[in-house]
Amino acid sequence: MSSTATPVAQSTPGPASAGIESVPDTTTGAAGRPGAAGTAGAEVPETAVSGSAGRQAATDYADYRLVPARHPWRWVGTAVVALGVAGIAWSLATNPRWEWGVVAQWFTAQSIVNGLLETLKLTAISGALGFILGFVLALMRLSASPLLVSVSWTFSWIFRSTPLLVQMLLWYNLGYLYEKISLGIPFTDVRFFEAQTTTLISQFAAAVLGLTLNQAAYSAEIIRGGILSVDQGQLEAAAALGIPAWRRSTRIVLPQAMRAILPTAFNEVIGLVKGTSIVYVLAYSELFYTVQVIYNRTQQVLPLLLVATLWYVVITSVLSVFQYYIERHYSKGAVRTLPLTPLQKVRKFLATHAPATRDTNQERGTR
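Reference entry: report on the structure contained in this document. (Residues numbered from 1 in each chain as written. Predicted model: local features only at pLDDT ≥ 70, side-chain atom pairs only at ≥ 80, totals over all residues. Heavy atoms only, no water.)

This next bit is on the overall build of the protein. Regarding its fold elements, the protein presents 14 helices and two strands. Within the protein, the fraction of its 367 residues that count as buried is 25%. Taking contacts inside the protein between residues at least 6 apart in sequence as the whole, the part at least 24 apart equals 66%. For the protein, the exposed surface amounts to about 25600 Å²; the carbon and sulfur share of it is 63%. (Helix = DSSP H or I, 4+ residues; strand = E, 2+ residues; numbered from the N terminus. Buried < 20%, exposed > 50% of the residue type's maximum accessible area, 1.4 Å probe, protein only. Contact = heavy atoms within 4.5 Å. Areas by Shrake-Rupley, 256 points an atom, 1.4 Å probe, with all protein chains shown as cover.)

Below is the structure:
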């Protein structure tokens, strides 16, 4: 009897595979014999083996079910907070002592609206003048003149060290210290303007003066901090390019400093809106003083305080919206992609979820 043996192909390492050990071919057939049925004595190509192994290694994940991560404590915290919010809302809606009918009656009353307009007027005038003066004080503080630096530092030190209420009363009673206010050449008798102090410093003037100077002291430090937050290398690079000093300040430093200035500056403006309520000590008819006059007459204290609170919430909410969009504008040079606005977030949510819902419904219908 003659027997035939299946030859085993051995690869000889070529020049490109020098130093690499050859791996013997251990490919076996279905029955454990070399080769497969009907291929006895045939040499199995190496490429076919590697291709078969590659196809076997590929895994189809299409039928795998995605399991979302579970966060049990997050749901527990959400449930606790939801119960708390629901309890507060239920108390506000069912407690008759809130007197929501009285709140609705006075919320848009003419006297309340007039007081609201006076509050907005004080905020706009004092805020604008305060930040302009604060900008000047910040530049003085950053100058090379020791006198300018000393004056700016002393101004901020005095007005940040005294309560706003004391400043209001001091300006309103300025006529006790100085009967007349005049404008002329110092140390001479030349006068260009002169008037009685009590005539010039009215309730409105004292309120604007006190709020403006107090706001300027804080704004100066905010603006100075924002300017100092800009890397000095920016100025050095601009100076090396021959850019004039004015353009370096307005086109390079300030746009970058605004990103650091804006959040704190808007906090100051929001605080100024609420700070106008202290003007009630001057008997000036702003929102809070008007509410006080009404509830002293009607004895409906809590509902009218709630009216003032709701109006302050409305004003600060509008300012917060403006803050978001202005900060978004000045973040163009700092982020690759601008953050989405609330309207854009809603559109993105609808665009990503609505088509998916329709496709799911269509798949369910075909099945």
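On to the pattern of salt bridges. A side chain of one charge can pair with a side chain of the opposite charge if their charged atoms are brought near each other. Scanning the entire structure with this criterion turns up three salt bridges. The shortest N-O distance in the salt bridge between glutamate 118 and lysine 121 comes to 3.3 Å. Of this pair, glutamate 118 and lysine 121 both sit in helix H4 (residues 110-142), three residues apart, which is roughly one turn of that helix. A salt bridge links arginine 141 to glutamate 221; the shortest N-O distance between them is 3.0 Å. In this pair, arginine 141 is assigned in helix H4 and glutamate 221 in helix H9 (residues 203-228), connecting sequence segments 80 residues apart. (Salt bridge = Lys/Arg side-chain N within 4 Å of Asp/Glu carboxyl O.)

Before going further, it helps to examine the layout of surface pockets. Computed from the structure, the second largest pocket encloses a volume of approximately 340 Å³. Lining the second largest pocket are 15 residues, with Leu139, Leu142, Ile227, Ser249 and Val253 sitting closest to its centre. Counting only elements with at least two residues in the lining of the second largest pocket, the list comes to H4, H9, helix H10 (232-240) and helix H11 (245-275). Classifying every residue of the lining of the second largest pocket by side-chain character gives eleven nonpolar, three polar and one charged. (1 Å grid on protein atoms, 1.4 Å probe; cavity = no way out; pocket = protein on both sides within 12 Å on 5 of 7 lines; lining within 4 Å. Points joined across faces, edges and corners; volume = space filled by probe spheres on them. Nonpolar A, V, L, I, M, F, W, Y, C, P; charged D, E, K, R; others polar.)

At a closest axis distance of 12 Å, the pairing of H4 and helix H13 (residues 301-330) adopts a crossing angle of 40°. In terms of axis orientation, H4 runs oblique to H13. Considering the relative orientation of H4 and H13, their crossing is right-handed. Of the residues in H13, those in contact with Ile112, Leu116, Thr119 and Leu120 of H4 are Val307, Trp311, Tyr312 and Ile315. Per-class residue counts for the contact of H4 with H13 are seven nonpolar, one polar and no charged. (Axes fitted to C-alpha atoms, helices over the stretch in contact; angles between N-to-C directions. Parallel < 35°, antiparallel > 145°, perpendicular 65-115°, else oblique. Left-handed = near helix turned anticlockwise from the far one by under 90°.)

Pairing analysis gives five bridges linking strand E1 (residues 180-184) to strand E2 (residues 191-196), with the strands arranged antiparallel. Across the sheet, isoleucine 181 pairs through a bridge with alanine 195, a residue of E2. Once E1 ends, the chain turns through six residues before running back antiparallel as E2, passing phenylalanine 187 with a positive phi of about 65°. (Pairing = 2+ DSSP bridges.)

Glancing now at the packing of H9 against H11. Where H9 meets H11, the axes come as close as 8 Å, and the angle between the chain directions of the two elements is 155°. Compared by their axis directions, H9 and H11 come out roughly antiparallel. For the crossing formed where H9 meets H11, the hand is right-handed. From H9, Leu211, Gln215, Tyr218, Ile222, Ile223, Gly226 and Ile227 reach across to H11, where they touch Val253, Ala257, Ala260, Ile261, Thr264, Ala265, Glu268, Leu272 and Gly275. By residue class, the composition of the contact of H9 with H11 is eleven nonpolar, four polar and one charged.

Counting residues in hydrophobic clusters, the biggest one holds 22 residues, and the most contacted among them are Leu122, Phe155, Leu211 and Val279. Elements that contribute at least two residues to this core include exactly H4, helix H5 (146-161), helix H6 (164-172) and H9. Aside from chain neighbours lying at most four places away, what touches leucine 211 is Leu122, Ser126, Leu164, Met168, Leu272, Gly275, Thr276 and Val279. Counting residues in hydrophobic clusters, the runner-up holds 20 residues, among them Val103, Leu116, Val273 and Ile315. (Core = buried A, V, L, I, M, F, W, Y, C linked by side-chain atoms within 4.5 Å.)

Our focus in this paragraph is the side chain of threonine 123. When you line up the elements, threonine 123 lands in helix H4. Within polar-contact distance, the side chain of threonine 123 engages the backbone oxygen of threonine 119 at 2.8 Å. Not counting residues within four places of it along the chain, the set of residues in contact with threonine 123 comprises Leu272, Val273 and Thr276. (Polar contact = N/O pair within 3.5 Å; in protein donor to acceptor, adjacent residues only side chain to side chain.)

Moving on to the environment of valine 113. One can find valine 113 in helix H4. Considered as a pair, valine 113 and leucine 287 are 174 residues apart in the sequence and their alpha carbons are 7.9 Å apart.

This next bit is on unusual backbone geometry. At glutamate 99, a residue that is not glycine, the phi angle is positive and equals roughly 55°. The topology assignment puts glutamate 99 in the loop between helix H2 (72-94) and helix H3 (100-107). For glutamine 299, which is not glycine, the phi torsion reads 65° and is therefore positive. Here glutamine 299 lies in the loop between helix H12 (287-298) and H13.

Each pair of aromatic rings is reported with the distance of its centres and the angle of its planes. Evaluation of the coordinates by the stated rule reveals seven aromatic pairs. Relative to tryptophan 311, the ring of phenylalanine 107 lies with its centre 4.4 Å away and its plane at 0°, an arrangement referred to as stacked. On the criterion of sequence distance, the pair formed by phenylalanine 107 in helix H3 and tryptophan 311 in helix H13 is long-range, its members being 204 residues apart. Looking at tryptophan 311, the relative accessible area reads 15%, which means it is buried. Over the aromatic face of phenylalanine 204 sits the side chain of lysine 121, whose NZ or CZ is 5.1 Å from the ring centroid. (Phe/Tyr/Trp six-rings, centres within 6.5 Å; stacked < 30°, edge-to-face > 60°. Lys NZ or Arg CZ within 6 Å of the ring centre and 35° of its normal.)

As a further point, take the side chain of threonine 316. Counting through the fold element by element, threonine 316 comes out in helix H13. Since its relative accessible area comes to 17%, threonine 316 is described here as buried. Side-chain polar atoms of threonine 316 contact the backbone oxygen of valine 313, separated by 3.0 Å.

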